[in-house]
Amino acid sequence: MTQDQMSGRDGEKRVGTRNIIEARDVEKWFGDFQALRGITMSVKEREVVVIMGPSGSGKSTFIRTINRLEEHDKGTIIVDGVELNNDLKNLEKIRSEVGMVFQQFNLFPHLTVERNITLALSHVRHFKKADAHDMAMRLLERVGIPEQVDKYPAQLSGGQQQRVAIARALAMQPKIMLFDEPTSALDPEMIHEVLDVMRELAETGMTMIVVTHEMGFAREAADRFFFFDEGVIVEEGTPEHFFTNPQEERTKLFLSQIL
Amino acid sequence: MTVAGFQIPDRRVAWRWARENLFDGSWNTALTVGMVVLIGVALYGVGNFVFASAEWEAITANRKLFFIGAYPRDEAWRIWAVIYVLAGLGGLSWALWSRISPLLAIGGAIAMIPVFVFMAHGEVALLTLGSLAAFGGGYAFGKTPALSGRYRNTARTVAVFLWIASLPFSWVLLDGVPTRLWGGLLLTMVLTVFGITIAFPFGVLLALGRASTFPVIRLFCVGFIEIVRGVPLITILFMAFFLLPLAIGPERTILFGIPVTGVDTATVQRALAGIVIFAAAYLAEIVRGGLQAVPRGQTEAAKALGLNTFHILGFIVLPQALRAVIPALVGQFISLFKDTSLVLVLALTDLLGAARQVSAQPDFIGRQAETLLFIALIYWIVAFNMSRASQQIEKNLGVGER
């Protein structure tokens, strides 16, 4: 049985065979507190991985080590063939290939929606102004809000802001997208508009690591699923395995609380 | 209706309000009457002085001293050239950036005209009005279809460069006359404008250095800021005057055996150096507050996009940090403007120095009240306009902010 068939979907998307992210025995301390106690995980090209776990379990810390917003203290992380360490000369280049969407959106409040999207295009990718504008318009259409191009972030709803944030990350044409609880700061009626965009992105074959508590999204879009607790991976498997037949007591307890 | 937080009573209830608040009981009534008498006496005294007993000739006979000090009359065209260039640039910038009619700025300028006309004989009044025309000309140029439409962004970039270039340009032009002859309002403004514009970038660098992860840089910045903030400006001015020649320049002349005596031609530059050192330390602390007000998520989002440190500072962090502290920055600028009067201790004849000189002239001996009132009015006009400008800038930049 191939990897694709194991993902349980009918082959619109093919999960690759190459590991685009490899993390081995990753450990991270904040002072005396150990946030990650040896995480080993690999993600294949075009794979969608969902990470769940209680707060403080290290799931956000882990995905932040992948674009080095947090430096890991032990273990190795290899992203697209490049190992992350302190000697890295071109950290900016690696980061520009890993898009990230934050819980609090983190749009730049003093810039228009267009400038939010085109800033890095102009200064990292050296796009011409007109090309950057075209790219911004294409992406805004893709996330469904082209009419907001000249607005400032504060003039948009939370759901619209998060969609702009996704467009901003996509503008760099990243190979990997990281989502750090992208819907946790949203009102319930705005969650679905963001999840729709993410679902569509998953279908186009983007490699994604998503930290979320949205069960519906995990069930439909995830290829693989990880449950974190206290800085370790407690359980991993397909969503089916997870939702129908969890093995660990800690997982069962967590699921019973949020389902 | 409220003004500055006070309830202003409706006209119909004014009398009732007065009775309830000012005349409720014999004690309060006595207090009210007493205060009214006191205020009346004080107002009468001041009014009587201003309109009757004051000898305003002390001012009118010394117009030139108050405005440009010992700057030769024949060379005054240099000052006018600077004023015209700055007024034209101001008008142009207003057209390119502000969303508000220039009538406001012109209104402020017109309010100042009586002062200048009172000061001026025909020629100077004409030239003053001319600078208003330069402002209008710059504005009209900025509002031409080409500049307000297609080439707006180019025009803005050029305008920024022109402003930067206008500083050395102004200095070189004014420097056709030795700085020891500069005086009055001219000297006050030169010290303020150059003090602020030179100190500001240093202040930003010091603030960034204080937040640096390199211990050497951080220690140097913290040390500089804390030492300078612990010393009075007047001390720094003296130190700049006596130590600067030892630290840079003239010590070489001592090495070659040439003695340095008397007031150096570079007193103005030394005073300026002292002001810059002092202002940079205070500005650094204000900017640091702004840097701390920018959420960490902003830097993280910028990093995640692959922007480098300079881009993150220039496009994301500093614009938000400085915007957050505009009121405090302008407050610092205003106090710096007033603090320049301390250069009096270096025997420079700034606005305050001019006032002191006038009240020592044989004809006007002891006319301190007139001269001090007059320069107080000038200080107030400039400071008030700086404060107004800051509100304007805040309004212009406030778009899109919550």
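Residues numbered from 1 in each chain as written. Chains lettered and ligands numbered in written order. Predicted model: local features only at pLDDT ≥ 70, side-chain atom pairs only at ≥ 80, totals over all residues. Heavy atoms only, no water.

Draft legend 1. Representation of the overall build of chain A in the model. Along its length, chain A carries ten helices and ten strands. In summary, chain A has a C-alpha radius of gyration of 18 Å against a globular reference of 18 Å for 259 residues, a match within 12%. With the C-alpha coordinates of chain A rotated into their principal frame, the extents come out at 55 × 45 × 40 Å. Burial analysis of chain A (259 residues in total) assigns 56% to the buried set. When contacts within chain A are restricted to residue pairs at least 6 apart in sequence, those whose partners lie at least 24 apart make up 67%. Counting every atom, chain A has about 11,300 Å² of accessible surface; 46% of that belongs to carbon and sulfur. (Helix = DSSP H or I, 4+ residues; strand = E, 2+ residues; numbered from the N terminus. Rg over C-alpha atoms; globule rule 2.2 N^0.38 Å. Buried < 20%, exposed > 50% of the residue type's maximum accessible area, 1.4 Å probe, protein only. Contact = heavy atoms within 4.5 Å. Areas by Shrake-Rupley, 256 points an atom, 1.4 Å probe, with all protein chains shown as cover.)

Draft legend 2. Spatial organisation of the sheet that holds strand E1 (residues 19-30) of chain A. Residue and element names in this part refer to chain A. Spatial strand order, E2-E1-E4-E5: four strands in an open sheet with antiparallel pairing. In the strand order of this sheet, the two ends are held by strand E2 (33-44) and strand E5 (82-83), each with one partner. Pairing geometry for strand E4 (residues 74-79) and E5, over two bridges, is antiparallel. Residue pairing in the sheet places Val-79 in a bridge with Val-82 of E5. (Pairing = 2+ DSSP bridges.)

Draft legend 3. Region of the structure containing the interface of chain B and chain A. With 24 residues of chain B in contact, the opposing surface of chain A contributes 27 residues. Here chain B packs against chain A, burying approximately 2,100 Å² in sum over the two surfaces, 62% of which is carbon and sulfur. Put simply, chain B and chain A have one salt bridge between them. Two residues, Arg64(A) and Glu300(B), come together in a salt bridge whose shortest N-O distance is 2.6 Å. Applying the counting rule to chain B against chain A returns five residue pairs in polar contact (both at pLDDT 80 or more). At the level of elements, helix H15 (296-304) and helix H16 (309-324) of chain B are the ones that each hand at least two residues to the side of chain B that touches chain A. Looking at the side of chain B that touches chain A, the element that brings in the most residues is H15(B), giving eight residues. (Buried area = accessible area lost by both parts, 1.4 Å probe. Salt bridge = Lys/Arg side-chain N within 4 Å of Asp/Glu carboxyl O. Polar contact = N/O pair within 3.5 Å; in protein donor to acceptor, adjacent residues only side chain to side chain.)

Draft legend 4. Broad picture of helix H17 (residues 326-339) of chain B. All names here are of chain B. Between its terminal C-alpha atoms H17 stretches 19 Å, which fits the 20 Å expected from 14 residues at 1.5 Å a residue. Ile-326, Leu-329, Val-330, Gln-332, Phe-333, Ile-334, Leu-336 and Phe-337 are the residues of H17 that are buried. Where H17 is buried, its residues touch helix H10 (184-210), helix H14 (267-293), H16 and helix H19 (368-397). (Expected span 1.5 Å × (residues − 1).)

Draft legend 5. Main features of the pairing of strand E10 (residues 232-237) of chain A. Two elements, strand E9 (residues 224-229) of chain A and E10(A), share five bridges in a ladder whose sense is antiparallel. Each bridged residue has a counterpart across the sheet, and for Phe227(A) the counterpart in E10(A) is Glu235(A).

Draft legend 6. Layout of the nonpolar core. Ile51(A), Phe62(A), Met177(A), Met208(A) and Phe66(B) are the most contacted members of the largest nonpolar core, which has 166 residues in total. Of all the elements, H14(B) adds the most residues to this core, at 14 residues. A domain split of this core shows at least three residues from each of domain 2 (72-176) and domain 3 (184-402) of chain B. With residues up to four places along the chain from it excluded, the contact list for Phe66(B) reads Ala58(B), Ile59(B), Gly184(B), Leu185(B), Leu351(B), Ala354(B), Ala355(B), Val358(B), Thr371(B), Phe374(B) and Ile375(B). (Core = buried A, V, L, I, M, F, W, Y, C linked by side-chain atoms within 4.5 Å. Domains from an automatic or database assignment.)

Draft legend 7. Region of the structure containing the sheet that holds E10(A). All names here are of chain A. Pairing is mixed across the open sheet formed by six strands, whose spatial order is E6-E7-E8-E3-E9-E10. Among the strands making up the open sheet, the edge pair consists of strand E6 (98-101) and E10. Neighbour-to-neighbour, the strand axes of this sheet turn through a mean angle of 20°, independent of strand direction. Helix-sheet contacts for helix H7 (residues 188-203) involve strand E3 (48-52), strand E7 (176-180) and strand E8 (207-211), and the interaxial angle to E8 is about 145°. Contacts between helix H10 (residues 249-258) and the sheet are confined to E3, E9 and E10, with E9 contributing the most and set at about 100° to the helix. (Axes fitted to C-alpha atoms, helices over the stretch in contact; angles between N-to-C directions.)

Draft legend 8. Region of the structure containing the packing of H16(B) against H17(B). The geometry of H16(B) relative to H17(B) is characterised by a closest axis approach of 5 Å and an angle of 65° between their N-to-C directions. Within the contact between the two elements, H16(B) uses Leu322(B), Arg323(B) and Ala324(B) and H17(B) uses Ile326(B), Pro327(B) and Leu329(B).

Draft legend 9. Spatial organisation of the confidence of the model for chain A. Taken residue by residue, chain A gives an average pLDDT of 89. The fraction at 70 or more is 95%. Low pLDDT, under 50, characterises residues 1-11 of chain A; the predicted model gives this stretch 13 contacts beyond four residues in sequence or across chains. (pLDDT = per-residue confidence, 0-100.)

Draft legend 10. Representation of unusual backbone geometry in the model. Residue and element names in this part refer to chain A. Of note in this structure, Asn-106 is not a glycine but carries a positive phi near 55°. Using a relative accessible area of 11% as the deciding quantity, one classes Asn-106 as buried. With a phi angle near 50°, Gln-173 is a residue other than glycine that sits in the positive phi range. Note on placement: Gln-173 falls in the loop between helix H6 (158-171) and E7.

Draft legend 11. Local environment of the pairing of E7(A). Residues and elements named next belong to chain A. Of all five residues that make up E7, five are buried, and the element is covered over most of its length. In this structure, E6 lies alongside E7, joined through four bridges in parallel fashion. Each residue of the ladder has a partner; that of Val-98, found in E7, is Ile-176. Relative to E8, E7 is paired through five bridges, and the arrangement is parallel. Opposite Leu-178, over in E8, you have Ile-209 as the bridge partner. As a crossover connection, the stretch from E7 through H7 into E8 is right-handed. (Right-handed = clockwise from strand over helix to strand, strands pointing away.)

Draft legend 12. Molecular detail of a nonpolar patch on the surface. Residues and elements named next belong to chain B. Residues Trp-15, Trp-17, Leu-22, Phe-23, Val-33, Val-37 and Val-41 make up a contiguous nonpolar surface patch of about 660 Å² in total accessible area. Within the residue set of the nonpolar patch, elements represented by two or more residues are helix H1 (11-21) and helix H2 (26-53). Considering every element that reaches the nonpolar patch, the biggest residue donor is H2, with three residues. Mapped onto the elements of the fold, Val-41 is located in helix H2. (Patch = residues over 30% accessible without salt bridge, like charges linked within 9 Å, V, L, I, M, F, W, Y side chains within 5 Å.)

Draft legend 13. Just the side chain of Ser212(B), in detail. Its place among the elements puts Ser212(B) in the loop between H10 and helix H11 (215-229). You can call Ser212(B) buried: its relative accessible area is 15%.

Draft legend 14. Quick look at the packing of aromatic side chains. All names here are of chain A. Inspection of every chain in the model, using the stated rule, returns 18 aromatic pairs over all chains. Aromatic side chains Phe-227 and Phe-254 sit 5.1 Å apart centroid to centroid with 50° between the ring planes, which places their arrangement in the tilted category. Taken together, the positions of Phe-227 in strand E9 and Phe-254 in helix H10 put the pair 27 residues apart, joining distant regions of the chain. Across the pair, exposure class does not vary: Phe-227 and Phe-254 are buried alike. An aromatic cluster of at least three residues, connected via ring pairs, comprises Phe-225, Phe-242 and Phe-243. (Phe/Tyr/Trp six-rings, centres within 6.5 Å; stacked < 30°, edge-to-face > 60°.)

Draft legend 15. Summary view of the packing of helix H5 (residues 129-142) of chain A against H6(A). Residues and elements named next belong to chain A. Relative orientation of the contacting elements H5 and H6 amounts to 135°, with a least axis distance of 9 Å. The angle between H5 and H6 falls in the class oblique. Judged by the twist between their axes, the crossing of H5 over H6 is right-handed. Counted together, Met-135, Leu-139, Leu-140 and Arg-142 of H5 and Val-164, Ala-167, Leu-170 and Ala-171 of H6 form the full contact between these two elements. Residues belonging to the contact of H5 with H6 are distributed by class as follows: seven nonpolar, no polar and one charged. (Parallel < 35°, antiparallel > 145°, perpendicular 65-115°, else oblique. Left-handed = near helix turned anticlockwise from the far one by under 90°. Nonpolar A, V, L, I, M, F, W, Y, C, P; charged D, E, K, R; others polar.)

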